[in-house]
Amino acid sequence: MTDYQALDDEARKILRDNDRGSYTVPTDGLYPYQWNWDSAFAAMGFAGSDPDRAWTELETLFSGQWQNGMVPHILFHKPDPGYFPGPDVWGCSGPIPSSGISQPPIAATMARKVWEQDKGAGHPRMSALVPKIAAWHRWFMQWRTDRGAVCITHPWEAGRDNACDWDGAMAAIDPQGVGEYTRRDTGHVDPAMRPTKQDYDRYIWLVQRGRRLEWDEEQMARDTPFRVADPGMTFMLLRATRDLRAMAEATGFDTDEIDAWITRLRAGVETLWNAELGSYDSRDVVNGGFAQCVSNASFLNWYAGIENADMLAQLDRVMDAVPHGVPSYDPEGPKFDAKRYWRGPTWGIVNTLIAWGLEDCGHAAQAERVRRTTRDLIAEHGFAEYFDPIDGSPAGGGRFTWTAAIWLAWATPAAGGN
Ligand code: GLC
């Protein structure tokens, strides 16, 4: 018999141990700073036991917001030599030392969840966040859309660092002149679980390019080799913008502009349908081609409130193909790698968002299947960063904040389900 109570306690302890006071690190060692979407998940994890701490997490994230509205993907609150590339490499000038790119915009969705737990008590803090979230979404709409689909300018921006989705666009980069550097990630975990050197040179090349252009969005968009419209980012921003709308309405914040964003994003989703593949897919904006990848982000359509029978069939297929789903890349695809990060492994956080969407759209059986597989993996193998979808083994960093958070808010039997 699994001792779920002990697992709940362990998850709470992980959140406490990774708590640095006003923000939470993803895991000790490998990721010593505040990451954008990790933090939004952390807020959700805290919400059940400590809503005050949940609000603080989101407020700290927005304290790093740039003047142009962008909310960085990493806030370097305190120097840490164990991480590369640090603030000196990014060379940014926001209110807090930070990276120069953003990350999946799920903060509005998590803020709404925290608020809905106790609307009265949460009202002042929610109201103060709404204009800041709106400024961030406005930044995406102004600088990062192509025909209404949300584009990334660096693979790290998607939160799916080395996904197969970016291979074509990455191949177009010649990383000449990137120079010598020492990676830190491979000192913390097995290099076979991390992106390759080929990828890493290009990651750093893109950072150096942004820095040279002083992170000016207009200049960065000009002649860039890397600009990819991503279904994950598009679905997440669409969902988050609907959640922002619900909060805006409750505070008297103007909703007309938000409605226009929803309409544009909804149209953008259509441009990501790859009919040949029968799936939502990433689209290279520079050369116009699709990536030909069924990824876990392809399955976030329900999360954005979009029904699609072909995607439901795809979901059944990929979940039947591996014992532990949802894999981050098609297990029947040519590039599948069960251990390498976003090229095959299953990620509890994405599973959570997929299952919420399925449930919202009335696919209770599929939602429960995703929950069950995630619950069993964590119960058996612990709160790892991600898992091998074939043998279930834990991979990447251990004692991970977001895995603890989704456990408490969704995967544990105490959160509901069967
Ligand atoms: C990796 C993941 C990214 C996450 C970060 C911190 O870079 O790909 O999604 O935010 O680690 O956990």
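Residues numbered from 1 in each chain as written. Predicted model: local features only at pLDDT ≥ 70, side-chain atom pairs only at ≥ 80, totals over all residues. Heavy atoms only, no water.

A. Just the site of the ligand, in detail. Neighbouring residues of the ligand: Pro26, Tyr31, Trp35, Trp37, Asp38, Gln103, Gly159, Asp161, Tyr341, Trp342, Phe400 and Trp402. The separation between an oxygen atom of the ligand and a polar side-chain atom of Gln103 is 2.9 Å. One of the backbone N or O atoms of Gly159 is found 2.6 Å from an oxygen atom in the ligand. About the coverage of the ligand: the protein hides 97% of its 310 Å² of free accessible area. Among the residues making up the shell around the ligand, the classes are represented as 8 nonpolar, 2 polar and 2 charged. (Near = heavy atom within 4 Å. Polar contact = N/O pair within 3.5 Å; in protein donor to acceptor, adjacent residues only side chain to side chain. Areas by Shrake-Rupley, 256 points an atom, 1.4 Å probe, with all protein chains shown as cover. Nonpolar A, V, L, I, M, F, W, Y, C, P; charged D, E, K, R; others polar.)

B. Here's a closer look at the state of the cysteines. The full count for this structure, using the stated rule, is 0 disulfides. Cys151 takes part in no disulfide bond, and the closest cysteine sulfur to it belongs to Cys293, at a distance of 16 Å. Cysteine Cys164 is unpaired, with the sulfur of Cys293 as its nearest cysteine sulfur at 5.1 Å. (Disulfide = S-S within 2.5 Å.)

C. Broad picture of helix H5 (residues 107–117). Among the residues making up H5, those that are buried are Ala107, Ala108, Thr109, Met110, Ala111, Val114 and Trp115. In this structure, the buried residues of H5 make contact with helix H2 (36–47), helix H3 (51–62), helix H6 (119–143), helix H11 (231–251) and helix H14 (348–360). (Buried < 20%, exposed > 50% of the residue type's maximum accessible area, 1.4 Å probe, protein only. Helix = DSSP H or I, 4+ residues; strand = E, 2+ residues; numbered from the N terminus. Contact = heavy atoms within 4.5 Å.)

D. Seen up close, the UniProt feature "domain: Mannosylglycerate hydrolase MGH1-like glycoside hydrolase" (unreviewed entry) in the protein chain. When the UniProt feature table is mapped to this numbering, "domain: Mannosylglycerate hydrolase MGH1-like glycoside hydrolase" (unreviewed entry) covers residues 31–403. Helix makes up 47% of residues 31–403 and strand makes up 6%, while its end C-alpha atoms are separated by 14 Å. (UniProt positions renumbered as here; feature names shortened; annotations may be inferred.)

E. Fine view of the nonpolar core. Counting 131 residues, the largest nonpolar core has Trp37, Phe41, Ile106, Phe226, Phe299, Ile349 and Leu353 as its most contacted members. Beyond its immediate chain neighbours, meaning those up to four positions away, Phe41 contacts Ile106, Met110, Ile349, Leu353, Trp402, Ala405 and Ile406. (Core = buried A, V, L, I, M, F, W, Y, C linked by side-chain atoms within 4.5 Å.)

F. Here's a closer look at helix H13 (residues 309–321). Over its 13 residues, H13 extends 19 Å from the first C-alpha to the last, a length consistent with the 18 Å expected when each residue adds 1.5 Å. All of the buried residues along H13 are Met311, Leu312, Gln314, Leu315, Val318 and Met319. The buried side chains of H13 occupy one side of the element, clustering within an arc of 160° when seen end-on. In H13, the exposed positions that point more than 90 degrees away from the buried face belong to Ala309 and Asp320. Structurally, H13 contributes buried residues whose contacts are with strand S6 (273–274), strand S7 (279–280), H14 and helix H15 (364–381). (Expected span 1.5 Å × (residues − 1). Arc of directions from axis to C-beta.)

G. View of the packing of H3 against H6. H6 packs onto H3 with a crossing angle of 25° between their chain directions and a minimal axis gap of 11 Å. If you check the angle between H3 and H6, you find them roughly parallel. Judged by the twist between their axes, the crossing of H3 over H6 is left-handed. Of the residues in H6, those in contact with Asp52, Trp55, Thr56, Leu58, Glu59 and Phe62 of H3 are Gly122, Arg125, Met126, Leu129, Lys132, Ile133 and Trp136. Its residues placed into classes, the contact of H3 with H6 shows 7 nonpolar, 2 polar and 4 charged. (Axes fitted to C-alpha atoms, helices over the stretch in contact; angles between N-to-C directions. Parallel < 35°, antiparallel > 145°, perpendicular 65-115°, else oblique. Left-handed = near helix turned anticlockwise from the far one by under 90°.)

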